[in-house]
Amino acid sequence: MRTRITELLGIEVPIIQGGMMWVGRAQLASAVSNAGGLGILTALTQPSPEELYREIQRCRDLTDKPFGVNLTLLPTINPVPYAEYAQAAIDGGVRIVETAGRSPEEFMPLFQQHGVKVIHKCTSVRHSLKAEAIGCDAVSVDGFECAGHPGEDDVTNLVLLPAAAAKLSIPMVASGGIGNGRQMAAAMLLGAEGVNMGTRFVATREAPVHHNLKQAMVDADERQTALIFRSLRNTARVFRNSVAEQVLAIEGQPGATDFADLQPLVAGVRGREKVLEGGDIEDGIWTAGQVIGLIEDIPSCAELLARMVTEARAELQRVNAAFAAGTLASNDAGATAEEGASRQNIH
């Protein structure tokens, strides 16, 4: 399956593992890359730029395929040496970077100087166009369904993807709420040339989190997420558990929300130690997208990617055949996926 994204990144299938705090480690990233997609190491999961460099080397020991580094640029209480993390990625030989948060404009000269391809994650059309204007090679358009921070516009991918595709010239990756091949095919038809998945990759055998989280996502339905921090205009989508309900109760009280009242509940260290590592899914905040309603098993990354490509091809064949025949039946198939796909540069 060839698109401008696979050509840009040197990968076999247009499936990217998004950067995830505490989850984007060499074990998972290498498994995704070995399966033909693009694995991503999360820079700030590592406590220092030096540790990021070492994690890059560990990932390189596990795969000879391309992988990238996520660099999320956010305001923090304690200054983060973003430039040093960026340099560590470059020194480690990484030539693909996923940026998120604020604009990566200040880092673009450095990345371009070293031939680094930049994919910027955006939650709106206007931000996607800005990313294109500053020289990003592609954008990952994140719909309201996503885990983590969906922005404040509340636009789902069914509208956001074609709206962005109509105005962008650079390749676009669909992100948020995606977990199977049928959705991948739909994203392609909406103008994307690849997909980015976070939550779905957490529920794989290689993901470095406790099995209880993975099983909780299998058992959940699409209603079991919650939007917290709305009162602070820093919306985050998380798994709906007892801690998330406590946060929502505090935010629902009259008057302005004081983050100090939320901080003990939402501390990242608590989520990592109690939930991701300890396996108590009720004792901390952990991000999850609405795609949990579509997760039914815990496959290996190789099994997941192979299945998604097979499903996507079948769906594209079904739709092509249906339009050719003038009818649309759920199990109809006939024409090849290549026919009619060139409109999105998909081959």
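These figures come from a predicted structure and were not determined experimentally.

(A) Expanded view of the sheet that holds strand β2 (residues 39-42). Spatial strand order, β1-β8-β7-β6-β5-β4-β3-β2: 8 strands in an open sheet with parallel pairing. Each edge of the open sheet is held by one strand with a lone partner, namely β1 (15-17) and β2. Strand after strand, the sheet turns through a mean of 30° between neighbouring axes, direction not considered. As paired elements, strand β3 (residues 67-73) and strand β4 (residues 96-101) share 5 bridges and run parallel to each other. Residue pairing across strands places Leu73 opposite Gly101, the latter belonging to β4. Packed on one face of the sheet, helix α7 (residues 157-165) meets β6 (138-142) and β7 (172-175) and runs near 155° to β6.

(B) Layout of the side chain of Asp142. Looking at where Asp142 falls in the secondary structure, it is placed in strand β6. Lys121 is the oppositely charged side chain nearest to the buried, salt-bridge-free Asp142, at an N-O distance of 4.3 Å. Residues within four places of Asp142 in sequence aside, it is in contact with Lys121, Cys122, Thr123, His149, Asn157, Leu160, Ser175 and Gly176.

(C) Highlighting the packing of helix α3 (residues 49-62) against helix α4 (residues 82-91). Where α3 meets α4, the axes come as close as 9 Å, and the angle between the chain directions of the two elements is 25°. Taken together, the axes of α3 and α4 are roughly parallel relative to one another. The two elements α3 and α4 cross, and the hand of that crossing is right-handed. In this structure, α3 contributes Pro49, Leu52, Tyr53 and Ile56 to the contact, and α4 contributes Glu84, Tyr85, Ala88, Ala89 and Asp91. The residue inventory of the contact of α3 with α4, partitioned by class, reads 7 nonpolar, no polar and 2 charged.

(D) How the structure looks around the confidence of the model for the chain. Residue-level pLDDT values for the chain average 94, and 94% of them are 70 or greater. Across residues 332-344, where pLDDT falls below 50, the model places 29 contacts with residues more than four positions away in sequence or in other chains.

(E) Examining helix α11 (residues 242-251) more closely. Residues of α11 that are buried include every one of Val243, Ala244, Val247, Ile250 and Glu251, and no others. In an axial view of α11, the angular spread of the buried residues amounts to 120°, which keeps them on one side of the axis. On its buried face, α11 is in contact with β9 (225-228), β10 (236-239), α12 (259-266) and α13 (268-277).

So, how was this worked out
- Residues numbered from 1 in each chain as written.
- Predicted model: local features only at pLDDT ≥ 70, side-chain atom pairs only at ≥ 80, totals over all residues.
- Heavy atoms only, no water.
- Pairing = 2+ DSSP bridges.
- Helix = DSSP H or I, 4+ residues; strand = E, 2+ residues; numbered from the N terminus.
- Axes fitted to C-alpha atoms, helices over the stretch in contact; angles between N-to-C directions.
- Contact = heavy atoms within 4.5 Å.
- Buried < 20%, exposed > 50% of the residue type's maximum accessible area, 1.4 Å probe, protein only.
- Lys, Arg positive; Asp, Glu negative; His and termini not counted.
- Salt bridge = Lys/Arg side-chain N within 4 Å of Asp/Glu carboxyl O.
- Parallel < 35°, antiparallel > 145°, perpendicular 65-115°, else oblique.
- Left-handed = near helix turned anticlockwise from the far one by under 90°.
- Nonpolar A, V, L, I, M, F, W, Y, C, P; charged D, E, K, R; others polar.
- pLDDT = per-residue confidence, 0-100.
- Arc of directions from axis to C-beta.

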